[in-house]
Amino acid sequence: QYLCRHPLKHPVMRVLDTIAASISRESHKRSRQEEQYLCQDHEVVTTHEPCTMCAMALVHSRVKLVVYWKSDETFGGLGGKFSLHTCRSLNHQFRVLQWR
């Protein structure tokens, strides 16, 4: 119940935390060269556009695609307010689709 009220525990952040925890349980200590990004080649489907914080977490996790239904004009990080997925100054870009 605490997780649902925590201001940083948005659904996207909770999923990334779960994936990270499962990877750390399954893997042994690896060298820096062997490390991979958290969600490389993963696709994310969500009902609401991720906020800016969640969008940056998705950039850093190296997702391949994000699909969402409802945009967020105030805090959206993937087209509503900002378009972080297309920012050339970041070292990763990914495809975003909004279904209607």
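Residues numbered from 1 in each chain as written. Predicted model: local features only at pLDDT ≥ 70, side-chain atom pairs only at ≥ 80, totals over all residues. Heavy atoms only, no water.

S.K.: Provide a residue-level description of the side chain of His 85, including the pertinent values.
M.R.: Residue position: His 85 is located in the loop between β2 (65-70) and β3 (95-98). Ignoring anything within four residues of it in the chain, the contact list for His 85 reads Gly 77, Leu 78, Gly 79, Gln 93, Phe 94 and Val 96. (Helix = DSSP H or I, 4+ residues; strand = E, 2+ residues; numbered from the N terminus. Contact = heavy atoms within 4.5 Å.)

S.K.: How would you summarise the sheet that holds strand β1 (residues 43-48) if you had to cite specific residues and measurements?
M.R.: Read from one edge of the open sheet, 3 strands run β1-β2-β3, paired in parallel fashion. Each edge of the open sheet is held by one strand with a lone partner, namely β1 and β3. Neighbour to neighbour, the strand axes of the sheet diverge by 15 degrees on average, direction disregarded. In terms of strand pairing, β1 meets β2 through 5 bridges, oriented parallel. Looking at the pairing, Glu 43 lines up with Leu 65 of β2. (Pairing = 2+ DSSP bridges. Axes fitted to C-alpha atoms, helices over the stretch in contact; angles between N-to-C directions.)

S.K.: Got a sec to walk through the nonpolar core? Specific residues and values, please.
M.R.: As a rule of thumb, soluble globular proteins bury nonpolar side chains together. If you look at the biggest cluster of nonpolar residues, it comprises 18 residues, and the most contacted ones within it are Leu 16, Leu 58, Val 63, Val 66, Leu 78, Phe 94 and Val 96. Elements represented by at least two residues in this core include exactly α2 (11-26), α3 (52-61) and β2. Broken down by element, this core gets its largest block of residues, 5 residues, from α3. Once residues lying within four places of it in the same chain are set aside, the contact partners of Leu 58 are Val 12, Leu 16, Val 44, Pro 50, Val 63, Val 66 and Phe 94. (Core = buried A, V, L, I, M, F, W, Y, C linked by side-chain atoms within 4.5 Å. Buried < 20%, exposed > 50% of the residue type's maximum accessible area, 1.4 Å probe, protein only.)

S.K.: Run through unusual backbone geometry, naming residues and quoting values.
M.R.: Even without a glycine there, the phi angle at Asp 41 is positive, about 70 degrees. Located in the positive-phi region is Arg 62, a residue other than glycine, with phi close to 65 degrees. With respect to the helices, strands and loops of the structure, Arg 62 is situated in the loop between α3 and β2. Using a relative accessible area of 10% as the deciding quantity, one classes Arg 62 as buried.

S.K.: Pulling in residues and values, what's your account of the packing of aromatic side chains?
M.R.: All told, the structure shown has 0 aromatic pairs when counted by the stated rule. Geometry around Tyr 37 places Arg 62 over its ring, the cationic atom sitting 4.0 Å from the centre. (Phe/Tyr/Trp six-rings, centres within 6.5 Å; stacked < 30°, edge-to-face > 60°. Lys NZ or Arg CZ within 6 Å of the ring centre and 35° of its normal.)

S.K.: Lay out α3 in plain terms, naming residues and giving numbers.
M.R.: Of all the positions in α3, only Cys 54, Ala 55, Ala 57, Leu 58, Val 59 and Ser 61 are classed as buried. Positive backbone phi, approximately 65 degrees, marks Arg 62, located one or two places after α3.

S.K.: Give me the pattern of salt bridges: which residues, what numbers.
M.R.: Under the defined criterion, the tally for this structure stands at 2 salt bridges. Asp 17 is paired through a salt bridge with Lys 9; the nearest N and O atoms lie 2.7 Å apart. Its relative accessible area of 25% is what places Lys 9 among the partly exposed residues. (Salt bridge = Lys/Arg side-chain N within 4 Å of Asp/Glu carboxyl O.)

Just distances and angles here, no functional claims.
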